[in-house]
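The residues making up each chain are set out below.
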Amino acid sequence: MTSIPQFVLTLLGVLFCIGDVALLGVLLTWQELAPSPEGRWRRFVRGVLPATAVLLGLLLLAFTQLMLLWSNN
């Protein structure tokens, strides 16, 4: 049987995942707005790659937690 906190945590998890994907899009847009190809490369290496690694790790963690929340233990 499910409970209200389980649904609330699921909703928060889904909202977190949506925000995470939106932030990834903002990062890519920010990188493309650099004035030169060298600037785009610099933003990609110094900003986009590290932030993407962190955000994708958080996304994987959120999916894992949601699956554990709904598993029958």
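Criteria and thresholds
- Residues numbered from 1 in each chain as written.
- Predicted model: local features only at pLDDT ≥ 70, side-chain atom pairs only at ≥ 80, totals over all residues.
- Heavy atoms only, no water.
- Phe/Tyr/Trp six-rings, centres within 6.5 Å; stacked < 30°, edge-to-face > 60°.
- Helix = DSSP H or I, 4+ residues; strand = E, 2+ residues; numbered from the N terminus.
- Buried < 20%, exposed > 50% of the residue type's maximum accessible area, 1.4 Å probe, protein only.
- Polar contact = N/O pair within 3.5 Å; in protein donor to acceptor, adjacent residues only side chain to side chain.
- Contact = heavy atoms within 4.5 Å.

Q: Help me get a handle on the packing of aromatic side chains, residues and values and all.
A: The tally for this structure, following the rule as stated, stands at two aromatic pairs. Between the aromatic rings of Trp41 and Phe44, the centroid separation amounts to 5.9 Å while the plane-to-plane angle is 35°, which identifies the pairing as tilted. On the criterion of helical spacing, the pair formed by Trp41 and Phe44 is a turn pair, its members being three residues apart in helix H2 (residues 37-70). Given the relative accessible area of 26%, Phe44 is considered partly exposed.

Q: How would you explain the side chain of Thr10 if you had to name every residue and give the values?
A: With respect to the secondary-structure elements, Thr10 resides in helix H1 (residues 4-32). Residue classification places Thr10 among the buried positions, given a relative accessible area of 18%. At 2.8 Å, the side chain of Thr10 forms a polar contact with the backbone oxygen of Gln6. For Thr10, the residues in contact, after removing those within four places along its chain, are Leu66, Leu69 and Trp70.

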